[in-house]
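Residue strings, one per chain:
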Amino acid sequence: MSETLTIKDNRTGKQYDLDISHGIIRAIDLRQIKNNPDDFGLMAYDPGFDNTASCKSAITELDGARGILRYRGYPIEQLAEKSTFLEVAYLLVHGELPTKPQLTSWVHNVMYHTQLHEKTKKFMEGFHYDAHPMGMLVSTVGALSTFYPDARNVNDFETRMLQVYRLIGKIATIASYTYRNGMGFPYVYPDATLSYTGNFLNMMYRLSEPRYQPDPVLEHALDVLFILHADHEQNCSTNAMRSISSSMADPYVSVAGAAAALSGPLHGGANEAVLRMLNEIGSVKHVPDYIKRVKAGEMRLMGFGHRVYKNYDPRAKIIKQTAYQVFEVTGKNPLIDVALELERIALEDGYFVDRKLYPNVDFYSGLIYEAMEFPTSIFTVLFAIPRTAGWVAQWMEQMVDGEQRIARPRQEYVGSRQRDFVPLEERSS
Ligand code: CMC
């Protein structure tokens, strides 16, 4: 069987054979299909990249129909159960699980780079007390570009690796300072003897105690959440990361752009929106009414639906289990009953069933974060920390992909054709 696609152009009667590779045709092959010799050639129109592969990647495999998510071939369920966030970050960046010495050296390098330049702290002090943490995170990561001008040498592997350590290391420190800034608390220096998540909790919550000891259950739960959020192939923010760095921009401004994309409520901002929604619903008895309003098109059910998963989101399943482990330490978050009832009704309702809308990663994560006393406004920042590992892994892959060029989509121009300028005094209202 030939791996080709035959297209007949009914405008001209001509036939074209396009190669198919792994179920994909190359959009540029459409360009040869012309109505007349002066014609530009056919293009594919795909707003939102619904059916367009923008790269080849060996990092994350996602099968939305079967609810499968794997990093470098390893099922997310196994990684969540048996691995740690920093080990997973190594896997994403390097492609293989580390040996013991490789892991020791990786952890050392990342933790060594958790310190921020003192001037970064000063920079952050300039933000108003009620600045949104995502705004602070985006600006501060972007500002790192000014502290590390060497990062512009993006074509050098060693230089790129150094920025990988710095970004994964410093993002957690910046994240915690966005919280401390709002609270008016002094910034806590990183403690490299703790785990990545243990240190993050230390930088968030340490007050007057000489040494902060994270609760092991909460530290582990956060590690699981970080593993689940670490990468998700070509989503909106990863696409932004790749698009920005395709111009050879340095990784700090690229991560800032990716984090900006993450902040929207349809993407990473959904975890914050879910909590606000659950609080607005308030109690189980108000759920049916809320579902009615969603179905009437008044609003979306936040934490539901996914562009790719049309069966279930495997991350949501693990997060739901993790929530109960956390509640054993923190006490039950009363909003879990509202969430469970929303899920129960939605999964039985034709509106959601027909549209294949299931709980996504953001539906239960906010309940855990709230139980761990993270303020709602910082939830998306908690997504950005682990996703930084995914962004830099995708960047490292992109930088050695010979097929990648500057991202430059086409458009269909639908505006006015050429017309002559009209002086101001001659224009009618
Ligand atoms: N609540 C109610 N209706 C929905 C929802 C929802 N959450 N999501 C989609 N729909 C409806 C939508 O109105 C449309 O209906 P119709 O065909 O009658 O017009 C249909 O389902 C298809 O929606 P779509 O907007 O074409 O789907 P999409 O693939 O473009 O959007 C999505 C995916 C995640 C943006 C969307 O499902 C959504 O807005 N969900 C709520 C926000 C959310 O939870 N986002 C987190 C996503 S997972 C983590 C991440 O990516 O960061």
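Residues numbered from 1 in each chain as written. Predicted model: local features only at pLDDT ≥ 70, side-chain atom pairs only at ≥ 80, totals over all residues. Heavy atoms only, no water.

**Student:** Before we go on, may I ask you to explain the nonpolar core in this structure?
**Tutor:** Ranked by internal contacts, the top residues of the largest apolar core, which has 113 residues, are Trp106, Ile168, Tyr196 and Phe374. Per-element accounting of this core gives the leading share, 13 residues, to helix H17 (residues 379–399). (Core = buried A, V, L, I, M, F, W, Y, C linked by side-chain atoms within 4.5 Å. Buried < 20%, exposed > 50% of the residue type's maximum accessible area, 1.4 Å probe, protein only. Helix = DSSP H or I, 4+ residues; strand = E, 2+ residues; numbered from the N terminus.)

**Student:** Hey, could you run me through the side chain of Ser145 in this one?
**Tutor:** On the secondary structure map, Ser145 appears in helix H5 (residues 133–147). Classification of Ser145 as buried rests on a relative accessible area of 11%. Dropping the residues within four chain positions of it, Ser145 is found in contact with Asp250, Tyr252 and Val253. (Contact = heavy atoms within 4.5 Å.)

**Student:** Before we go on, may I ask you to explain the pattern of salt bridges in this structure?
**Tutor:** Close approach of charged atoms allows side chains with opposite charge to pair. What the rule picks out here adds up to 19 salt bridges. Between Arg70 and Glu61 there is a salt bridge; the shortest N-O distance is 3.0 Å. The class for Glu61 is partly exposed, based on a relative accessible area of 41%. Residues Lys121 and Glu118 are paired through a salt bridge, measuring 2.9 Å at the closest nitrogen-oxygen approach. Residue Lys121 and its partner Glu118 are both found in helix H4 (residues 118–125); the two are separated by three residues, about one turn of the helix. (Salt bridge = Lys/Arg side-chain N within 4 Å of Asp/Glu carboxyl O.)

**Student:** Which parts of the structure should I look at to understand helix H14 (residues 335–348)?
**Tutor:** Each full turn of the α-helix corresponds to 3.6 residues, which orients residues three or four apart in the same direction. Between its first and last C-alpha, H14 extends 20 Å over 14 residues, near the 20 Å set by a 1.5 Å rise per residue. Within H14, the full set of buried residues consists of Leu335, Ile336, Val338, Ala339, Glu341, Leu342, Glu343, Ile345 and Ala346. Structurally, H14 contributes buried residues whose contacts are with helix H11 (270–281), helix H12 (287–295), helix H13 (314–330), helix H15 (350–354) and helix H16 (361–371). (Expected span 1.5 Å × (residues − 1).)

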